[in-house]
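Each chain, letter by letter, is given below.
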Amino acid sequence: MEIKKPAIKSIPYGEFKDNASLEAMLKELNDGGVNVVLGNLDQLINWGRSNSLWSLTFATSCCGIEFMAVGCARYDFARFGFEVTRNSPRQADLIMCAGTITHKMAPAFKRLYDEMSEPKYVVAVGGCAISGGPFKSSYCVVRGIGEIVPVDVYVPGCPPRPEAILYGMMQLQRKIKVEKYLGGVNKKEPMPNPIVVRDIPKMFLNEFKAQKDKAMKSVKTTIDNIIR
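Residues numbered from 1 in each chain as written. Predicted model: local features only at pLDDT ≥ 70, side-chain atom pairs only at ≥ 80, totals over all residues. Heavy atoms only, no water.

A closer look at the confidence of the model for the protein
Counted only if it meets this: Every residue is assigned a pLDDT by the predictor, reflecting its confidence on a scale from 0 to 100. For the purposes of this entry, the term helix denotes a DSSP run of H or I that reaches at least four residues, the term strand denotes a run of E that reaches at least two, and both are numbered from the N terminus.
On average, residues of the protein carry a pLDDT of 77, and 78% of them reach 70 or more. Model confidence for the protein, summarised as mean pLDDT per element, is weakest for helix H1 (residues 19-31) at 72 and strongest for strand S4 (residues 121-125) at 88.

Given below as C-alpha cells:
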C-alpha cells in the first residue's frame, strides 16, 4: 500500500514509507473495532459529485428519445446516480445536449450554459450535437455545439444507443473523480474562436438573391391564386 504526500501531523512523513509499520497500526485499530479509510477530502467530494450528476433536460430531436430510454427500467441509469433531471439550469450539474442545435436555438442554449454554476459539464449526444450530423451542410444548423460551449464528453451515433449514453456518462464520472475540488485549477477546454464569414463571392450573393426572388415570386403567385 503506497501513500502519497501524507499530511497527518501525528505521524512523521518517514513512517509512510514503512508499509509494515503502517499495516501494523491499521491492524491494531481494526482489532479494536475501528474501520480505517485512507484518502483525501478531494477524493471524498469527487466520489459524491460523480455519483450524483443532475442533468438539465435539453433534448431537441430524436436523440432525446434515447435519453428517455436510458431512464426507463430496461437500462435504468439510476444505478449510477444519473436519474435526477432538473428543469432549471441553476440546479443542474451538466447539460446533456441530445439533438440538433440550430442558429436560432444557439443563443438560448448558450444562455442556459451560462446560468449553470461551476463546476458544470456538457455532454454532446449524437452526430447532430457533435458536428451537425446529416444537416451539417444546412444553412440553419450549428456544426457542433463545440462552437458554442466547451464540451467534456462526445457520444457519437445517429442516434446513439442507450449503452453508448451510459458509457459516455461513465467517462464523465472518471473525469470528475480526478479533478481538484479544493485548491488548484482544473484544466478547462478553451472557448473556440468565433467563425466570422468575410469576403463572400459576388457570384454566391447573386445566386442567393436570385433564389430568394424566385421564392418570393412563387409565394406571391400562390397567395394571388388563393385570393382569386
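A look at the sheet that holds strand S2 (residues 85-86)
The condition that has to hold: Two strands pair under a simple rule: DSSP has to find at least two bridges between them.
Across the sheet, five strands lie side by side as S2-S1-S3-S4-S5; this open sheet has parallel pairing. Looking along the sheet, the strands with just one partner apiece sit at the ends: S2 and strand S5 (153-155). As defined by bridge partners, strand S1 (residues 55-56) adjoins S2 across two bridges and the pair is classed as parallel. Looking at the pairing, Ser 55 lines up with Thr 85 of S2.

Examining unusual backbone geometry
For the peptide bond that leads from Glu 118 to Pro 119, omega is -5 degrees, which places it in the cis range. Looking at where Pro 119 falls in the secondary structure, it is placed in the loop between helix H4 (106-115) and S4. The omega angle of the peptide bond from Cys 158 to Pro 159 is -10 degrees, so this bond is cis rather than trans. One can find Pro 159 in the loop between S5 and helix H6 (162-177). Here the phi dihedral of Asp 76 falls at roughly 50 degrees; this positive angle occurs in a residue that is not glycine.

Looking at H4
Residues spaced three or four apart along an α-helix point in a common direction, a consequence of the helix completing one turn every 3.6 residues. Selection criterion: For each residue, the accessible area found with a 1.4 Å probe, counting protein chains only, is set against the maximum for its type, and the residue is called buried under 20%, exposed over 50%, and partly exposed in between. For this quantity, the arc is that covered by the directions from the helix axis to the C-beta atoms. We call two residues in contact whenever any of their non-hydrogen atoms come within 4.5 Å of each other.
For H4, every residue scored as buried is listed here: Ala 106, Phe 109 and Tyr 113. With its buried residues spanning 65 degrees around the axis, H4 presents them on a single face. Exposed residues on H4 whose side chains face more than 90 degrees from its buried face are Pro 107 and Arg 111. For H4, the elements touching its buried residues are strand S3 (94-98) and S4.

Observations concerning the packing of aromatic side chains
In plain terms, the rule: Classification of ring pairs uses Phe, Tyr and Trp, with its six-membered ring standing for Trp, and accepts pairs whose centres are within 6.5 Å; under 30 degrees between planes counts as stacked, over 60 as edge-to-face, and the remaining range as tilted.
Evaluated as defined, the whole model comprises four aromatic pairs. With centroids separated by 5.1 Å and ring planes inclined at 50 degrees, the aromatic side chains of Phe 58 and Phe 109 adopt a geometry described as tilted. In this pair, Phe 58 is assigned in the loop between S1 and helix H3 (63-71) and Phe 109 in helix H4, connecting sequence segments 51 residues apart. Judged by relative accessible area, Phe 109 falls into the buried class, the value being 0%. Geometrically, the ring pair formed by Phe 67 and Phe 77 is edge-to-face, given 5.9 Å between the ring centres and 70 degrees between the ring planes. Here Phe 77 lies in the loop between H3 and S2 and Phe 67 lies in helix H3, a separation of ten residues in the sequence. Phe 67 gets classed as buried once you look at its relative accessible area, which sits at 14%. Judged by relative accessible area, which is 6%, Phe 77 ranks as buried.

Thoughts on the packing of helix H2 (residues 41-50) against H6
Convention followed: Angles run from 0 to 180 degrees between N-to-C directions of axes, and those axes are lines fitted to C-alpha atoms, restricted for helices to the stretch in contact. Any angle that is under 35 degrees is reported as roughly parallel, and any over 145 degrees as roughly antiparallel; angles of 65 to 115 degrees are reported as roughly perpendicular and all others as oblique. For any pair of crossing helices, the crossing counts as left-handed if the nearer helix is rotated counterclockwise from the farther one by less than a right angle, and right-handed if it is rotated clockwise. In the scheme used here, Gly and all other residues not listed as nonpolar or charged are polar, with Ala, Val, Leu, Ile, Met, Phe, Trp, Tyr, Cys and Pro taken as nonpolar and Asp, Glu, Lys and Arg as charged.
Packing of H2 against H6 leaves a shortest axis separation of 8 Å and a crossing angle of 160 degrees. Here H6 runs roughly antiparallel to H2, going by the angle between their axes. Considering only the axes of H2 and H6, their crossing is right-handed. Along its contact with H2, which presents Asn 46, Arg 49 and Ser 50, the element H6 presents Gln 173, Ile 176 and Lys 177. Of the residues that constitute the contact of H2 with H6, the class distribution is one nonpolar, three polar and two charged.

Overview of the pattern of salt bridges
Selection criterion: Each salt bridge in this description consists of a side-chain nitrogen of Lys or Arg and a carboxyl oxygen of Asp or Glu lying within 4 Å of one another.
This structure, assessed with the given rule, holds four salt bridges. With a shortest N-O distance of 2.9 Å, Lys 110 and Asp 114 are connected by a salt bridge. With a gap of four residues between them, Lys 110 and Asp 114 both fall in helix H4, about one helical turn apart. On the basis of relative accessible area, Lys 110 is assigned to the partly exposed category, the value being 27%.

Some remarks on a nonpolar patch on the surface
This is how it is decided: Surface patches are drawn from residues lacking salt bridges whose relative accessible area is over 30%; two like charges belong together within 9 Å, two nonpolar side chains (Val, Leu, Ile, Met, Phe, Trp, Tyr) within 5 Å. For the accessible areas, the method is Shrake-Rupley and the probe is 1.4 Å, while residue cover comes only from the protein chains on display.
A contiguous nonpolar patch, built from Leu 41, Leu 44 and Trp 47 and spanning about 360 Å² of accessible area, is present on the exposed surface. Residue position: Leu 44 is located in helix H2. We classify Leu 44 as exposed; its relative accessible area is 54%.

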